[in-house]
Amino acid sequence: MSIDIYPKFRELEISDAAVFDRAFKDRPPAISEFTFTNLYSWRRAYSLRVSFWDGLIILCSESEGRKRFFNPIGKGDMKASVEKIFKDSGGIFFRLPEEIKALFAEDKRFRIEPDRDNWDYLYSTVDLIHLAGKKYDGKRNLIKRFKSERAYEYIILDAGNAGLCLDFEEVWCSVKNCDKVKGLSQEKRAIKDMVENFSLFGLIGAAIQINGVVCAIAIAQKLNPDTMVMHILKADPTIAGLYQTMVQEFIFREGVSFRYVNMEQDLGIEGLRKAKLSYHPCSMVNKYTLSLAEQ
């Protein structure tokens, strides 16, 4: 199915994958949202609709009572397209990367605000593999303890066995009451989409089993030539050192060809922010909200 021409929008379809993949190849993204995997798997949460204008893919979300747009995707006049959408539709642009912010930095018609809760955490692959230095003492000690106390198996995931993630998610959600927490329920549906389209999305996955039971999972993919983005990273929280072992083993085995790992955002959740900061990001991928100054 072809993408509608702006100003018409339609729902995002799995058949759109090739169009998005070409656009991301032409203009490699920095923000974690910009893989087709992420957009499609979270389409219901975002209430995403897609359109096409002057060589650019336009994405609109109406999940919070107003129109919100991602920055246009592909090769084209970004500033002109953003200005046109503001003129036609109003709304706001959200999760904008630095390169788009720069286009409007001196334009007094617009208000630009940092969106700290959605900044991505970027880590050096070398740092996550070696965990060198005093700042990582706690991580190394937890991994050492885990490996001394547990016999475990590291398993590569592919389209044939990725369903193991769903088995783990069911157990994890029974503890976390996912069905009663909107964000966790949405994540559960997103993981199902990833598993069902594992090969099409070009995903990289692994699991850790203890006594034949999956206790940790990781799902990632290439974001740009230098960076792997982690979509899912979970472990049984009752097993000390398991999460830290999953991180190190996965990056060592699957991420060694990348310079960086993008661990996505913390959504303003205090515990998640603390955990991500404890791995000492080498930088943050800043994102911004753009709105009309008179709004």
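Residues numbered from 1 in each chain as written. Predicted model: local features only at pLDDT ≥ 70, side-chain atom pairs only at ≥ 80, totals over all residues. Heavy atoms only, no water.

Visitor: How would you explain the sheet that holds strand S14 (residues 288-292) if you had to name every residue and give the values?
Guide: Paired through their backbone hydrogen bonds, the strands of a sheet run either parallel or antiparallel. The strand order S1-S2-S3-S4-S5-S14-S6 describes an open sheet built from 7 strands, whose pairing is mixed. Taken across any chain shown, the strands that pair with only one partner, and hence form the sheet edges, are strand S1 (10-11) and strand S6 (110-114). When strand S4 (residues 68-69) meets strand S5 (residues 92-96), the two strands line up parallel, connected through 2 bridges. Considered in S5, the bridge of Arg 68 is made with Ile 92. (Pairing = 2+ DSSP bridges. Helix = DSSP H or I, 4+ residues; strand = E, 2+ residues; numbered from the N terminus.)

Visitor: Please provide a residue-by-residue account of the pattern of salt bridges, values included.
Guide: For the structure shown, the criterion picks out 23 salt bridges. Note that Glu 99 is salt-bridged to Arg 27, the shortest N-O span being 3.6 Å. Pair noted here: Glu 99 is in helix H5 (residues 98-104) and Arg 27 is in the loop between helix H1 (17-26) and helix H2 (36-41), with a separation of 72 residues, a long-range link. Overall, the relative accessible area of 44% leaves Glu 99 in the partly exposed class. (Salt bridge = Lys/Arg side-chain N within 4 Å of Asp/Glu carboxyl O. Buried < 20%, exposed > 50% of the residue type's maximum accessible area, 1.4 Å probe, protein only.)

Visitor: Which residues make up a nonpolar patch on the surface, and what values do they have?
Guide: Side chains of Leu 267, Ile 269 and Leu 272 sit close together on the surface and give an oily, nonpolar patch of about 250 Å² of accessible area. Structurally, Ile 269 is set in the loop between strand S12 (260-262) and helix H11 (270-277). (Patch = residues over 30% accessible without salt bridge, like charges linked within 9 Å, V, L, I, M, F, W, Y side chains within 5 Å. Areas by Shrake-Rupley, 256 points an atom, 1.4 Å probe, with all protein chains shown as cover.)

Visitor: Summarise the sheet that holds strand S13 (residues 283-285); cite the residues concerned and give the values.
Guide: Within the open sheet, the 7 strands sit side by side as S8-S9-S10-S11-S12-S7-S13. Their pairing is mixed. Only two strands of the sheet have a single partner each, and these edge strands are strand S8 (153-157) and S13. Neighbouring strand axes in the sheet, compared pairwise and without regard to direction, differ in orientation by 30° on average. Strand direction decides the pairing type here: strand S7 (residues 120-124) and S12, joined by 3 bridges, are antiparallel. Paired with Leu 122 across the strands is Asn 262, a residue of S12. (Axes fitted to C-alpha atoms, helices over the stretch in contact; angles between N-to-C directions.)

Visitor: Lay out the side chain of Glu 169 with the relevant residues and their values.
Guide: Within the secondary structure layout, Glu 169 lies in helix H8 (residues 164-176). If we skip the residues at most four places from it in the chain, Glu 169 touches Cys 178, Glu 187, Lys 188, Ile 191 and Lys 234. (Contact = heavy atoms within 4.5 Å.)

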